[in-house]
Every structure is written in structure tokens, then in C-alpha cells.
Amino acid sequence: MASNLAMATFLQDVRFTLRHLRKSPGFAFSAILTLALGVGATTAIFSTVNAALLKPLPYPKSEDLYGLRTTLTDGRVTTGLVSPVELMRLNEAKISVERAVGTIQQDLTFVRDDGQPIKTTVFGVTDGFFETFGLPMTLGGFTADHFKQTSGFPAIVISRRAWRDLFGSDPAVVGKPAHFAEGTPIVAGVAPEGFDVPHNADFWFAARLNPTDIGHSWEGYIRLKPGTPLARARNEMAPVMDGVARDYPASAKNRIYVVKPLVDQIVGDLSNILLVVLSATGLLLVLACVNVTNLLLARGAARAREMAVRVALGAGRARIVRQLLTESVILATVGAASGLALAYAGIRVMLSAGAGKLPRLDAVAFDSNVLIFALAVMAVSGIIVGFAPALRLAGTDLKTLMNESGRSASGGRATARWLSALMVAEVALSVMLVAGAGWLVRSFANLRTVDPGFKTEGRVVFDVALTGPKYRTSEAIDAAFQELLGRLRQQSGVVAVGDTANFPLRLTPESSLLLQIKGEAFDTANPKGTRQRFVSPGFFDAMGTKLLAGRDFSDADRQGTTPVAIINKTFAQRYLNGRDPIGIHFLAGYPDINPQSEVEIIGVVEDIRQKAITDPAEPSYYQSDRQITPPRRTVVLHTAAADPMSLQSMIRAEMRKTEPLAPVDVLPLSSIVGDTIQRQALGMRLMLIFGGAALILAAVGIYGVIAYAATERRGE
């Protein structure tokens, strides 16, 4: 009986609220829109945080999966990757590491049945790679024999996406050949559904580990035994690296394993950006609630006589509070529903604007976590919005309520104090959001003004891989590249052309070598380190990189001539102590100095940010790729054309003359730089939107308070 009475009372309150809102459409629209903005923004950002950080990885016991890298504690340069020796020692040790595996990247050209070439990134993987992640293979899989193969192209596993798009979901694909320009491997299996390590990989081949290889070129992954704390695993792994250091001191001395949860390694610094933005949307939600509370307080003053009549008819304080909370919860419910629609639309816009390229944001779903969050936000918003007006009116005696809209305005002064306090809170929250947006804008502006060491205007890049049967010798590779670059230089509007095997900001592999300046003793306790890169004559001119001293490479610097090098400014400052670098000789190598590697410094160039815009340059030297001829390079073309991308058709036509099967993807250099700061740009754009919304909400709130005060004093 009591429950029926409570339900009837609740339904009566709902009907009464709906009638009142229909009578005040302007108030209802303003309140619902304000709450929709706060709830929608908060839910949209939470959904991205949920997708990137909270949603478990799609692997069994994913909490035991970790990314593995290494670093040097003495400040020497290193790739940060893992060597085969370091992986194998972890698997041999009796510690909490259940298995350690690695991947190494290669670029190959897949050839479709119709002859169309497709540029693909292929990853070599070590024995047990797929088993480490624990998902069952769709078809087949690697066997132990695949990792013992010593000749021919190793077997491959293909992704579900490649199986569908390139092999027509053929159920008998296992054992069939896959056609690449570089060879014809046999398909050993189809990867599990949802498997995405490394991100966007489509092909994996079985790679053998050399038990004496200490080159740091592998990305590592480990699975710990269930229940193993990360701190314990790190402590157990330290002696393993100490053992490697005893056997290979030049490589592993002062080196440590770096272990991170796999989700942290995948997402990187995006997590910090998303958490900052989520905090900002939380403030925006509070601001929206304060704004609606202001509206309700102002509206409550106009309803004072109504409340007085209710009290006179016997309504208790609890009854009035329940009625007012019902109104606020209904407003919050409608606002939250509208906010979910705004959140969904906002997510679609954000993904289409490029956020979908970021790790784990390619599919932001409105799953149960997001819906529970939205319901919680709705409930909290309803309570916050309704609490102050309910407390204000329910805590006022009958005489004050009757006089609330009278000329004495005694109750009006109390309401004005509430409104003034909330207005101050609104302004404070708005200032916090705008200040946060300004800080991110300033940080992003500083990032945009960082000199990367090259210019982006009027420049396009494209990759070239000469790996077919006719490019088996270094002479053939060199001749083909010289012919290609020569034809490009002759095209109308082309200012300069060059190529490199280690293009900046593309994270292409590069060597980290030990260094010895000729005439100086090699310090085994504190050895010097440097990066080694390969570029063509004219590369620095095409990139707009300043030559600070000496000369550039020329066509005379080719195979069979005296090895020469151009160093960067950081190399000169750190290792040459103010001496004139031109003519100085040095040697390099890894894991030991190679006595046959002596080169002469012929020039100094401005520092180029190689890893990221945010990372300072490391000591590096460049050698002519005519002396050492890598088959895979990135060509950069500087043009005077108003639209550099207008040269795409010409570039593809010239490439077909060199290698008909080579796929050509032409990109503006500015887009490569832009991709490296995409995360910061996303955070800045979101904060600007939220800062602008905060200002609008604060302005509306202040207007509401002033309008209410003016109405109260109209009698004067």
C-alpha cells in the first residue's frame, strides 16, 4: 500500500513538473541545453579515455602483458630497442618472465593477382610470438620448423584484414604462396580476430634469432607469470642484463630493461593528454550544473508564493524537497539524453578529423562502461542541480515565502547571496578552463615554432624500394637511384631532389655506434656514441637544412673513394671541443670500434630532429648513400609549384620507368610533421572548445543573475 502511494506521489510530481516546463519553454530549453553541453562533452571524452586506457586489451590475461625496451643509464645514444641476446637470455632465465618475444620491421611490396603493387609493412617475429598473446589462430600458424628455416623466403602469417581483402577469405589459404616483389613465401596461417600487434600489421614472417647478435633493432614483448608484481619482475630482470653485460660489456654496460604495461606502450603520451582533457570536461560539467542551479534559484524566487501555498496546505519540507529534486532529475535526464546524442556526434567528428589514427582510437564505442558513466553523471547532475534550490526554499519559513516577491525583498536578499556565490564559482571555473586552454595553446604554439632542422614548404616525399631481381648488386641500385633523381631534377618546377635511408620523424631504423675520434684514446668507461645515417648528394639542399661549414656530398663521393662524413652541430659541440671539424678523422662501430671504418669529416649541418619534434637532436653523422647503397630510401622533392601535390602524376610516371611494380604514395612533408604532433593538436583543439563553452556558460550565468537582480528591483 505504501509503495503504491509513493509511486502515485512520484507520478504526480512528474506530471506537475512536465506541466511547469511546458509553461516555461525558454527556461526548460536553456537548462536542458546547458546540461546537454556539460554531459555530452564529459561523456564524449570519457568514451575516448575508456577506449584508449580503460578498455582491456583483447588478449587473455592482458594485465600480464608488457612492452619491453632497453635504455642506457650513462647518457649514450641508443635505439631503445632490444637485442636478440637480451631476448634469449630472458627466456633462458628461471624468473617470472613466462616468455619474451620480439618483432622487427621490414617494408615489402605485395603484388595482387591483377598485378597491382601494394606497399606493406611486414614484421619478423620470434618463436612463440602469437602464443604469448594467447588468442587462438583463425587458421594454421607457425610451427617450430618455420623458425629453423635457413634458406628461401620465410613463411608468413596474414592478418584477418589481409585474408579478407587480399585472399578473399579463402579457407584453404594455408600452404598457398603469397606474391611479393621480393619473393614468394608460403602462408602458414591466419592471425586471430582482433590481433593488432604491432598496430595495423598485416603480415608476420618467422624470423630466426642469432644467439650472438647484440644489435638493438627488435621491439620486445613479455608475458609475466600470473600474479607477478611488476616491481618483482624488474628486480629479477636486472641480474639477467648484468649477465649480458659481463659477456658483451661494450653493448650492455650500464644498460637496463625498460618494462611498461602493454597498453601504456601502445598509447604513449596520449594518456596524459586525455586525462587532462577529461579533467577539463569535469570542470565544464560542474560549470553547467552551477549555471542550471542559478536558473533554478532565480526561477525559485518567482515560485516562492507557490511554495508558501503548499506549506500552508500542509506540505512538509521533505515533500517540497522531493518535488524540486524531481524537477531537477527530469531536467538532468533530458539533458543527459541530449548530451549522449551530442557526445556521439562529437566522437564521429573527432574521429573524422584525424583522431582515429591515434592508437586504440580507431573504434570508440559507446559500450556499457560509457552508458554507466552517463547514468552516473545524470544522477549526480540532477542532485547537484536540485540541491541548492530545494534547500533554499524548503529551509525558509512561511512568512518569508509569502514576502519573497514582495517589496521588502528580505527573502530576495538571501536568494541574491546564493546567486552571487554561484556566480563567483562560475567565473572561477571559467577562468580555470580558459587558463588551461591557454596553457595548451601556448605549449602547442611553442611546439610549432621548434625548428626541426628542415623546411616543409613546397616539399613532398615518397618511398622507393628497389628489391627486385634486377637490383641484386649495389652498382645496379646506385645506377637506378641516380637515373631516377636525375630525371626528377629535370622536371619543370623542381628546385632540388635528394634521398635518404633514414628520413626524419618516420622512425626508420638507424644505427647507434660507438665512436672514437682519431688521435684520442678510446675511453671504455665512458665511450662516445653517435647515430649513423645515409643521404644522397643534394639531400640537405632539398630539405632546406643549413650547411654550417665545409661542403656537401658530391657525385665524386661514391663507392671506391675515400669515405667521408658530414656531422651535425650536436656532434661537433659535444665531441670536438671547439676545434675546426673539417678534416678530422674518426672511427665507429658496434659492439667494437671497426678499424676499417675511418672516415673524414667534410662538413657540418644544422641539427635535424630525427625521432620527434619534442626530442632534441643526438650526435649524428651522415654518409653518402653512393658509398653505401641502401635499396630502400625516401625521396624528398622541393618544388616551386603552388601546390606541391600537383606533381604526383609526374612522380608516379617517373617511378614506373625505374620500377613498374613499386607502389608510390606521395605525401606533403608538412603532413609528416603534423602527424608527429597530432596528439598535442587534439588536446589543444578540445581544450579550446571547452574553454569557449565555459566562457559562454559563464556569460549566460552572469546575465541570468543580473537579470534576476534587475527584476527584483523593478519595484524601486
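The structure this text deals with has already been given above.
The following paragraphs examine the structure supplied in this document. (Residues numbered from 1 in each chain as written. Predicted model: local features only at pLDDT ≥ 70, side-chain atom pairs only at ≥ 80, totals over all residues. Heavy atoms only, no water.)

## A few points about the pairing of strand E3 (residues 117-125)
Move 1: Bridge analysis of strand E2 (residues 97-111) against E3 gives nine bridges, and the strand direction is antiparallel. For Gln106, the partnering residue across the bridge sits in E3 and is Val122.
Move 2: Linkage of E2 to E3, two consecutive antiparallel strands, is achieved through a turn of five residues, within which Gly115 is found at a positive phi near 90°. (Pairing = 2+ DSSP bridges. Helix = DSSP H or I, 4+ residues; strand = E, 2+ residues; numbered from the N terminus.)

## Digging into unusual backbone geometry
Move 1: Residue Pro198 is bonded to the preceding Val197 through a cis peptide linkage, with omega at -15°.
Move 2: Inspection of the secondary structure puts Pro198 in the loop between strand E6 (187-190) and strand E7 (203-206).
Move 3: In the segment running from Tyr590 into Pro591, the intervening peptide bond is cis, with an omega of 5°.
Move 4: Here Pro591 lies in the loop between strand E16 (585-589) and strand E17 (599-605).
Move 5: Positive phi values are uncommon outside glycine, yet Ser169 reaches one of about 55°.
Move 6: Backbone geometry places Asn577, a non-glycine residue, at a positive phi of 50°.
Move 7: Given a relative accessible area of 65%, Asn577 falls into the exposed group. (Buried < 20%, exposed > 50% of the residue type's maximum accessible area, 1.4 Å probe, protein only.)

## Some remarks on the packing of aromatic side chains
Move 1: Taken as a whole, this structure holds 24 aromatic pairs when the rule is applied.
Move 2: Arranged with centres 5.2 Å apart and planes meeting at 80°, the rings of Phe129 and Phe130 form a pair that is edge-to-face. Both residues of the pair, Phe129 and Phe130, belong to the buried class.
Move 3: Where Phe130 meets Phe142, the ring centres are 6.1 Å apart and the plane angle is 40°; that geometry is what we call tilted. Taken together, the residues span a long stretch of sequence, with Phe130 in helix H4 (residues 129-133) and Phe142 in the loop between strand E4 (139-140) and strand E5 (156-158) at a distance of twelve residues.
Move 4: Judged by relative accessible area, which is 13%, Phe142 ranks as buried.
Move 5: One aromatic cluster is present, formed by Tyr59, Phe129, Phe130, Phe133, Phe142, Phe147, Phe195, Trp204 and Tyr221 through successive ring pairs.
Move 6: Above the ring of Phe481, the side-chain terminus of Arg633 is found at 3.9 Å from the ring centroid. (Phe/Tyr/Trp six-rings, centres within 6.5 Å; stacked < 30°, edge-to-face > 60°. Lys NZ or Arg CZ within 6 Å of the ring centre and 35° of its normal.)

## Considerations on helix H6 (residues 230-247)
Move 1: Compared with an ideal rise of 1.5 Å per residue, which puts 18 residues at 26 Å, H6 spans 26 Å between its outermost C-alpha atoms and is within 8% of the ideal.
Move 2: Along H6, the residues that are buried comprise Leu230, Ala233, Met237, Val240, Met241, Gly243, Val244 and Ala245. (Expected span 1.5 Å × (residues − 1).)

## A few points about the nonpolar core
Move 1: Of all hydrophobic cores here, the largest spans 55 residues; its most connected members are Phe129, Phe133, Phe142, Phe195, Trp204 and Leu284.
Move 2: At eight residues, the largest contribution of residues to this core is made by helix H9 (residues 270-302).
Move 3: The contact partners of Phe195, leaving out residues within four places of it in the chain, are Tyr59, Phe129, Phe130, Phe133, Leu135 and Trp204. (Core = buried A, V, L, I, M, F, W, Y, C linked by side-chain atoms within 4.5 Å. Contact = heavy atoms within 4.5 Å.)

## Observations regarding the pairing of strand E15 (residues 564-568)
Move 1: The buried fraction of E15 amounts to five of the five residues, a majority that puts the element mostly inside the structure.
Move 2: Residues of E15 alternate between two faces, with Val564, Ile566 and Asn568 on one and Ala565 and Ile567 on the opposite face, all of them buried.
Move 3: In this structure, E15 lies alongside E17, joined through five bridges in parallel fashion. From the neighbouring strand, Ile567 faces E17, where its bridge partner is Val604.
Move 4: Pairing of E15 with strand E18 (residues 620-624), which is carried by two bridges, proceeds in the antiparallel orientation. Note on E18: the bridge partner recorded for Ile566 is Tyr622.

## Thoughts on the packing of helix H3 (residues 84-92) against H6
Move 1: Direction vectors running N to C along H3 and H6 enclose 130°, while the axes themselves pass 10 Å from each other. The pairing of H3 with H6 is recorded here as oblique in orientation. As for the relative orientation of H3 and H6, their crossing is right-handed in sense. Between H3, through Val85, Glu86, Arg89 and Leu90, and H6, the contact on the second element is made entirely by Met237, Val240, Met241, Gly243, Val244 and Asp247.
Move 2: Each residue belonging to the contact of H3 with H6 can be placed in one class, and the counts come to six nonpolar, one polar and three charged. (Axes fitted to C-alpha atoms, helices over the stretch in contact; angles between N-to-C directions. Parallel < 35°, antiparallel > 145°, perpendicular 65-115°, else oblique. Left-handed = near helix turned anticlockwise from the far one by under 90°. Nonpolar A, V, L, I, M, F, W, Y, C, P; charged D, E, K, R; others polar.)

## Topic: the packing of helix H15 (residues 474-489) against helix H18 (residues 648-658)
Move 1: Between H15 and H18, the shortest axis-to-axis distance is 10 Å and the interhelical angle comes to 150°. Viewed along their axes, H15 and H18 adopt a mutual orientation that is roughly antiparallel. Considering the relative orientation of H15 and H18, their crossing is right-handed. Of H18, the residues touching H15 (which contributes Ala480, Leu484, Arg487 and Leu488) are Met650, Glu654, Met655, Lys657 and Thr658.
Move 2: Here the contact of H15 with H18 is built from residues that sort into five nonpolar, one polar and three charged.

## Let's talk about the sheet that holds E7
Move 1: Ordered by their spatial adjacency, nine strands build an open sheet running E4-E6-E5-E7-E3-E2-E8-E1-E9, and the pairing between neighbours is mixed. The open sheet is flanked by E4 and strand E9 (255-261), the only strands paired with a single partner.
Move 2: Alignment of E2 against strand E8 (residues 219-224), held across six bridges, turns out to be antiparallel. Considered in E8, the bridge of Gly102 is made with Gly220.
Move 3: Running at roughly 145° to E2, H3 makes contact with strand E1 (65-72), E2, E8 and E9 of the sheet.
Move 4: Contacts between H6 and the sheet are confined to E1, E2, E8 and E9, with E9 contributing the most and set at about 155° to the helix.

## Focus: the environment of Ser474
Move 1: Examined against the element boundaries, Ser474 turns out to sit in helix H15.
Move 2: Judged by its relative accessible area of 23%, Ser474 falls in the partly exposed class.
Move 3: The spacing of Ser474 and Arg626 is 152 residues in sequence and 9.1 Å in space, taken between C-alpha atoms.
Move 4: If near-sequence neighbours (up to four positions away) are discounted, Ser474 is found in contact with Gln559 and Thr629.

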